[in-house]
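If you want the building blocks of each chain, they are given just below.
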Amino acid sequence: MNKPIKRIVIAGGGTAGWMVAAGLAKCLGRQYDFRLVESEEIGTVGVGEATIPTLHLMNEILDLDEREFVQATQATFKLGIHFENWRNVGQHYFHSFGRTGKGHWTAGFQHFWLEGRRRGLASDYGDYCLELRAALDKRFATLPDNGINYAYHFDATLYGQYLRRMAEAMGVQRLEGKIAEVRTDAASGDITGLQLQDGPLLEGDFFIDCTGMRALLIGQTLGVPYESWSHWLPCDSALAVQTTSVGEPVPYTRSIAHPWGWQWQIPLQHRVGNGVVFSSRHVSDDEAKAALLANVQGEVLREPRVIRFTPGQREQVWKNNCVAIGLSSGFLEPLESTSIHLIQKGMSRLVELFPTDGIRQSDVDEYNQQSREAIEVIRDFIILHYHVTDRDDSPFWRDCRAMDVPPLLAHRIQHFRDTARVMLRQGELFAENSWVQVMMGQGITPASHHPITRNMDDRSLADFLGEIRKDIARTLMKLPRHQQFIQQFAPAAKLPVATPSAAVPALRINPRARVEVLTLADSAKVFVVDDFAEDPEALVALAQATADQFKAMPGQPYPGPQLGLPDSLAAELDGFFRRQLAEPLRLGAPLGMFARFSRVVQDPASLDARQRICHRDDSGLDPAEAMSACVHYLFKDESLGGTVFFRPRVPDEQVRQLRQDAQALEPRAFGDKYGLAPGYMTESNAYFEVIGRVPARWNRAIFYDGGIFHSGDIRWADNPAGYRAGLGRLTVNAFFKSRRPDRS
């Protein structure tokens, strides 16, 4: 009898681990026990920041809010890839998403375009593609009915942390630790458990290997061989570096060919991702690094690091009770931004073939066959860029031109060269338009095209081509600049994040901490957790080590400098909140969170009007959304004050007017109009009534509905030196956005 699957263990985090965890938890629900083990000490490759439009399916699976997703990952939008110097030095072309022109069931648009060129009636091929014209004009907007095809550039680390928060909210349990030993059953060869270094034995029924290129489970333990494709894909090394932004982000990835490989540039909202992929047989690490640094703009944010890889695929990606997803299953360089797609496809394929009632060999064989076919077609598409070229300026490119290529690719190249036809198998990732753009961009001019195009007279063909161009031009004129759209749609917060030289400590929330309930005078509840973190001193030490990175944020009313909490700490805090507080606060699906260190340093006399009244944290939310908040007190001098809660004493319309005036009026004019003297609001007045206080206490955390009016209980006059000395009133403030349960 096959053993039913109940306990699923994911080995490794990063983008692959948390993408798999979130996808499986969302699709398979709480009927399974999902656990993920990762170590903060083990880094991720983190070079993949560009995606392709298939990511929209993942976002639909997870029911992500696009605006929230873009903000959380510092994303920009991508309409394709600009290939520079690939056909030859100084020659460029664009591989766009979407389609070019309009085809017929007998023949793709390229046949009609070729006929138009033969008669002198057609302009450049790219003039018939909206995505291409918009990209080169740096324009973008989402359009109804999928009117424009796009993907994203995003911060892969932030994306992994974003998915982690979602996965933990759906019940995935994260365990911190290194895997010291993988245990197997001597008779069956199945994996039975992961022994953590200085930790427990993590037993399971089914294991997913997301350990990256180490392939700890599928390779080192189960011994599945790795098939190298280095004879087709000559690059075996990469260097990655991040730089500050120096201009508007373009809505495309740049791929710039060099004599020994190629370079990428990926613009995000807060920085630019750069790197080179190169052949170590044709250039040294130092030479590649020098070329990279000579061809980037902006300040270099960290030292480039070398990543070694062997392009290829595991001979099996599912063996026994283990499936490898991500780099553990194989590696293709990021030339066409397919790495995250392959993770997504591995996850969704596993959902389709999930061994609910036990593992059957037919499922294993089907999964392996589909995986191989999918990656081999992508492999061939990448080989195409290297092999079909006019470059003859270096041994690297001469070797690429001369190499033998896989039989199916050789046939496709020759078939297109002869007839302009691209015949695809069902389910292939890249559509006909992608093959056409790259093959013609790399220099292939078909010798012939379909005769159906000759049925159109000159006027009909000219009108057909002209209307397509006019439609694109009309749409293009309506599109805003890419940067303008981002600023209107989903500008990401610019708060700096703590980046200490040493490793970021774990938050380590006290598993024995109790959640106490404080009921306010209006029956609203505040949830109080004492002894919240096991090692609060480590958090204070982190804040101290990064004290020079705190910044006062222009336009924000918080009365002091702030610093973004590292992603790993924010994810732990969010996981605790979703597990322990989402139900008591009656919240629906999570929509993201943000956490920061904060300090109060502003003298009461200098406060603007907004800072002199209590506030709510749910401004600007849709009716279907809710905001909750947390304050974690990390100071031992309790006289620096906790949090005070209020309710209005005046009608809602008067409260709205007061808050509008606080935004618009100068402090003196506001004070004169409402009779409110300069200072922090800590007591009742004519407009608000105190309904409860939570005193500050070392290592206490409080959680509450952000729709309750509140303020810091700041008694500045009692201890002005205390607020200014050292870190003063140091807190962690966190904000958790959710759907309301009746709108989920």
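What counts and how
Residues numbered from 1 in each chain as written. Predicted model: local features only at pLDDT ≥ 70, side-chain atom pairs only at ≥ 80, totals over all residues. Heavy atoms only, no water. Helix = DSSP H or I, 4+ residues; strand = E, 2+ residues; numbered from the N terminus. Rg over C-alpha atoms; globule rule 2.2 N^0.38 Å. Buried < 20%, exposed > 50% of the residue type's maximum accessible area, 1.4 Å probe, protein only. Contact = heavy atoms within 4.5 Å. Lys, Arg positive; Asp, Glu negative; His and termini not counted. Charge placed at Lys NZ, Arg CZ, Asp CG, Glu CD. Axes fitted to C-alpha atoms, helices over the stretch in contact; angles between N-to-C directions. Parallel < 35°, antiparallel > 145°, perpendicular 65-115°, else oblique. Left-handed = near helix turned anticlockwise from the far one by under 90°. Nonpolar A, V, L, I, M, F, W, Y, C, P; charged D, E, K, R; others polar. Pairing = 2+ DSSP bridges. Phe/Tyr/Trp six-rings, centres within 6.5 Å; stacked < 30°, edge-to-face > 60°. Salt bridge = Lys/Arg side-chain N within 4 Å of Asp/Glu carboxyl O. Expected span 1.5 Å × (residues − 1). Arc of directions from axis to C-beta. Polar contact = N/O pair within 3.5 Å; in protein donor to acceptor, adjacent residues only side chain to side chain. Core = buried A, V, L, I, M, F, W, Y, C linked by side-chain atoms within 4.5 Å.

Draft legend 1. Just the overall build of the chain, in detail. Within the chain, the secondary structure is distributed over 20 helices and 31 strands. Its C-alpha atoms give the chain a radius of gyration of 29 Å, within 12% of the compact-globule value 27 Å for 744 residues. Reported as C-alpha extents along the three principal axes, the dimensions of the chain are approximately 85 × 70 × 50 Å. Across the 744 residues of the chain, 56% fall into the buried class. Long-range pairs, those at least 24 residues apart, make up 79% of the contacts in the chain between residues at least 6 apart in sequence. Considering the chain, the positive charge centre built from 82 side chains and the negative charge centre built from 90 side chains are found 3 Å apart.

Draft legend 2. Structural detail: the packing of helix α6 (residues 156–169) against helix α17 (residues 567–580). α17 packs onto α6 with a crossing angle of 15 degrees between their chain directions and a minimal axis gap of 8 Å. With respect to α17, the element α6 is oriented roughly parallel. In this structure, the crossing between α6 and α17 has a hand that is right-handed. Mapping the contact onto sequence places Thr157, Leu158, Gln161, Arg164, Arg165, Glu168 and Ala169 in α6 and Asp567, Ser568, Ala570, Ala571, Glu572, Asp574, Gly575, Arg578 and Arg579 in α17. Residues that form the contact of α6 with α17 fall into these classes: four nonpolar, four polar and eight charged.

Draft legend 3. Spatial organisation of the sheet that holds strand β15 (residues 261–267). Here seven strands make up an open sheet; going across it, the order is β5-β4-β14-β15-β16-β13-β17 and the pairing mixed. The strands lining the two open edges of the sheet, one partner per strand, are β5 (92–96) and β17 (305–308). Strand-to-strand twist across the sheet, computed as the mean angle between neighbouring axes with direction ignored, equals 20 degrees. Inspection of the sheet shows strand β14 (residues 253–258) paired to β15 by five bridges, in the antiparallel sense. Opposite Ala257, over in β15, you have Trp262 as the bridge partner. Lying on the sheet, helix α8 (residues 285–294) is in contact with β13 (237–243), β15, β16 (272–278) and β17; it crosses β16 at an angle near 145 degrees.

Draft legend 4. Spotlight on the sheet that holds strand β18 (residues 312–314). Spatial strand order, β12-β18-β21: three strands in an open sheet with antiparallel pairing. Two strands in the sheet have a free side with no partner beyond their single neighbour: β12 (226–228) and β21 (330–331). Where β12 and β18 come together, three bridges link them in antiparallel fashion. Bridge pairing links Tyr226 to Arg314 in β18.

Draft legend 5. Representation of the packing of aromatic side chains. Throughout the structure, instances matching the rule amount to 51 aromatic pairs. Their ring planes at 85 degrees and their centres at 4.9 Å tell us that Phe69 and Tyr152 sit as a pair that is edge-to-face. With Phe69 in helix α3 (residues 66–72) and Tyr152 in strand β6 (residues 151–153), this residue pair connects regions lying 83 residues apart in the sequence. Exposure remark for Phe69: the relative accessible area of 0% places this residue in the buried category. With a centroid separation of 5.9 Å and an interplanar angle of 80 degrees, the aromatic rings of Phe69 and Phe154 are classed as edge-to-face. One end of the pair, Phe69, is in helix α3; the other, Phe154, is in the loop between β6 and α6, and 85 residues separate them in sequence.

Draft legend 6. Expanded view of the pairing of strand β9 (residues 191–196). With five of its six residues buried, β9 lies for the most part within the structure. Two strands pair when backbone bridges link them, and strand β8 (residues 179–184) and β9 are joined in this way by five bridges, in the antiparallel orientation. When the bridges of β9 are listed, Arg183 appears paired with Gly193. Counting the residues in the hairpin turn of β8 and β9 gives six residues, including Gly189, whose phi is positive at 80 degrees. In the sheet, β9 pairs with strand β10 (residues 201–203) via three bridges, with the strands oriented antiparallel. Bridging across to β10, Gln195 finds its partner in Leu201. A loop of four residues connects β9 with β10, the two strands running antiparallel in sequence, and Asp198 in this loop sits at a positive phi of about 55 degrees.

Draft legend 7. Here's a closer look at the pairing of strand β11 (residues 206–209). In β11, alternate side chains face the same way, and those of Phe206 and Ile208 on one face and Phe207 and Asp209 on the other are all buried. Pairing geometry for strand β1 (residues 7–11) and β11, over four bridges, is parallel. Bridging from a neighbouring strand, Ile8 pairs with Phe206 of β11.

Draft legend 8. Focus on the pattern of salt bridges. Taken as a whole and judged by the stated rule, the model has 46 salt bridges. The shortest N-O distance in the salt bridge between Arg174 and Glu176 comes to 2.6 Å. Classification of Arg174 as buried rests on a relative accessible area of 15%. For Arg412, the salt bridge identified is with Glu428, shortest N-O distance 2.4 Å.

Draft legend 9. Expanded view of helix α18 (residues 652–664). Here α18 is 13 residues long and its end C-alpha atoms lie 18 Å apart, about the 18 Å a rise of 1.5 Å per residue gives. Val655, Leu658, Asp661 and Ala662 are the residues of α18 that are buried. Along the long axis of α18, the arc covered by the buried residues comes to 125 degrees, so they all point the same way. Every exposed residue of α18 that faces more than 90 degrees away from the buried side is listed here: Asp652, Gln663 and Ala664. Buried residues belonging to α18 abut β27 (643–648), α19 (667–674), β28 (688–694) and β30 (709–712).

Draft legend 10. Main features of the environment of Arg183. Structurally, Arg183 can be placed in strand β8. On the basis of relative accessible area, Arg183 is assigned to the partly exposed category, the value being 33%. Sequence separation between Arg183 and Asn719 is 536 residues; the distance between their C-alpha atoms is 59 Å. Once you skip the residues sitting within four places of it in the chain, Arg183 turns out to touch Asp190, Ile191, Thr192, Gly193, Gln195 and Leu201. A polar atom in the side chain of Arg183 sits 3.4 Å from the side chain of Gln195.

Draft legend 11. Region of the structure containing the side chain of Gln313. Within the fold, Gln313 resides in strand β18. With residues near it in sequence (within four places) discarded, Gln313 still touches Pro225, Tyr226, Glu227, Trp229, Ser329, Gly330, Ser371, Arg372 and Ile375.

Draft legend 12. Fine view of unusual backbone geometry. For Asp145, which is not a glycine, the phi torsion comes out positive at approximately 55 degrees. Structurally, the position occupied by Asp145 is in the loop between α5 (130–136) and β6. If you check the backbone angles, Ala215 has positive phi at about 45 degrees while not being a glycine. Looking at the secondary structure, you find Ala215 in the loop between β11 and α7 (216–221). Using a relative accessible area of 0% as the deciding quantity, one classes Ala215 as buried.

Draft legend 13. Quick look at the nonpolar core. If you look at the biggest cluster of nonpolar residues, it comprises 123 residues, and the most contacted ones within it are Ile208 and Tyr386. When near neighbours in sequence (up to four residues on either side) are disregarded, Ile208 contacts Ile8, Val9, Ile10, Ala11, Val20, Leu24, Val323, Ile325 and Leu350. Counting residues in hydrophobic clusters, the runner-up holds 36 residues, among them Ala498, Leu539, Ala582 and Leu634.

The values are spatial; any link to function lies outside them.
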